[in-house]
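A structural walkthrough
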Amino acid sequence: MGLTKPIEQIKLTVNKQMDFVTPELRANDFIVANNKIYFLCSDNYTILVYDLMAKDFVKSVELNNVGYYNAIKVSNDRQTVMLTNISSKELTLLDVETDEIVKKLPLNVDVHNIVIIGR
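Computed from a prediction, not measured in an experiment: that's the story for all the values here.

If you trace the four strands from one edge of the open sheet to the other, you get E1-E2-E3-E4, paired in antiparallel fashion. A single partner strand is all that each edge strand has here, and the edge strands are strand E1 (29-33) and strand E4 (56-62). Strand-to-strand, the axes of this sheet are offset by a mean angle of 20 degrees, without reference to chain direction. Where strand E2 (residues 36-41) and strand E3 (residues 46-51) come together, six bridges link them in antiparallel fashion. The partner of Tyr38 across the bridge, within E3, is Val49.

A few words on the packing of aromatic side chains. For the structure shown, the criterion picks out two aromatic pairs. Look at Phe30 and Phe39: their rings are 5.8 Å apart centre to centre, the planes differ by 40 degrees, and that puts the pair in the tilted class. For Phe39, a relative accessible area of 2% gives the class buried. Ring centres of Tyr45 and Tyr69 lie 6.4 Å apart, and the angle between their planes is 75 degrees; on these two criteria the pair is classed as edge-to-face. Highlighted residues: Tyr45 in the loop between E2 and E3 and Tyr69 in strand E5 (residues 69-74), separated in sequence by 24 residues.

What follows concerns the environment of Leu52. Topologically, Leu52 is positioned in the loop between E3 and E4. In this structure, the C-alpha to C-alpha distance between Leu52 and Lys36, residues 16 residues apart in sequence, is 5.3 Å.

If pLDDT is low for a region, its predicted coordinates should not be looked at in detail. Per-residue confidence for the protein averages 76 on the pLDDT scale, and 71% of its residues sit at or above 70. This model gives residues 5-18 a pLDDT under 50, and the stretch forms 13 contacts once residues within four places in sequence are excluded.

This part covers the pattern of salt bridges. Pairing is possible between side chains of opposite charge, provided their charged atoms come close. In total, this model carries three salt bridges according to the counting rule given. Where Lys36 meets Asp99, a salt bridge forms, and the shortest distance between an N and an O atom there is 3.0 Å. Of this pair, Lys36 sits in strand E2 while Asp99 is found in the loop between strand E7 (90-95) and strand E8 (100-106), placing the two residues 63 residues apart along the sequence. Each member of the pair, Lys36 together with Asp99, is buried. Put simply, Lys104 and Glu90 hold a salt bridge, and the shortest N to O gap is 3.5 Å. A residue pair is termed long-range when its members are at least 10 positions apart, and Lys104 in strand E8 and Glu90 in strand E7 qualify at 14 residues. Looking at Lys104, the relative accessible area reads 29%, which means it is partly exposed.

Turning our attention to the pairing of E3. Extensive coverage of E3 is indicated by the burial of six of its six residues. Of the two faces of E3, the one carrying Thr46, Leu48 and Tyr50 and the one carrying Ile47, Val49 and Asp51 are both buried. Taking the residues between adjacent antiparallel strands as the criterion, E2 and E3 are bridged by four residues, where Tyr45 takes a positive phi near 50 degrees. Two strands pair when backbone bridges link them, and E3 and E4 are joined in this way by six bridges, in the antiparallel orientation. From the neighbouring strand, Asp51 faces E4, where its bridge partner is Asp56. Remark: four residues form the turn of the hairpin made by E3 and E4, two consecutive strands paired antiparallel; Lys55 in that turn has positive phi of roughly 55 degrees.

What counts, and at which threshold
- Residues numbered from 1 in each chain as written.
- Predicted model: local features only at pLDDT ≥ 70, side-chain atom pairs only at ≥ 80, totals over all residues.
- Heavy atoms only, no water.
- Pairing = 2+ DSSP bridges.
- Helix = DSSP H or I, 4+ residues; strand = E, 2+ residues; numbered from the N terminus.
- Axes fitted to C-alpha atoms, helices over the stretch in contact; angles between N-to-C directions.
- Phe/Tyr/Trp six-rings, centres within 6.5 Å; stacked < 30°, edge-to-face > 60°.
- Buried < 20%, exposed > 50% of the residue type's maximum accessible area, 1.4 Å probe, protein only.
- pLDDT = per-residue confidence, 0-100.
- Contact = heavy atoms within 4.5 Å.
- Salt bridge = Lys/Arg side-chain N within 4 Å of Asp/Glu carboxyl O.

Below, the structure written as structure tokens:
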């Protein structure tokens, strides 16, 4: 799939649509994948999904109400969103086609961020 809009349009879209990210749903990070923007709202344990093609908020993905989700990244193939949770010490994987959580991997260590290397 991949990104079909110039980055300038994406920036404008994000700025324009920040009105759905309220004080109750404060987004502390976001990534772009599969023509969607995924906003990580750590305070509410939620990912808000904004569809760039439909130009609308399309889904809210509920996360475990445990700890603090502190990083959101997308895999190099742009098919998986990855989130780290420093308190529960796990990596959560979300499929960008279905916008569903597909796996939780225990890390057993405090992980603050993700670095993606290679393909």
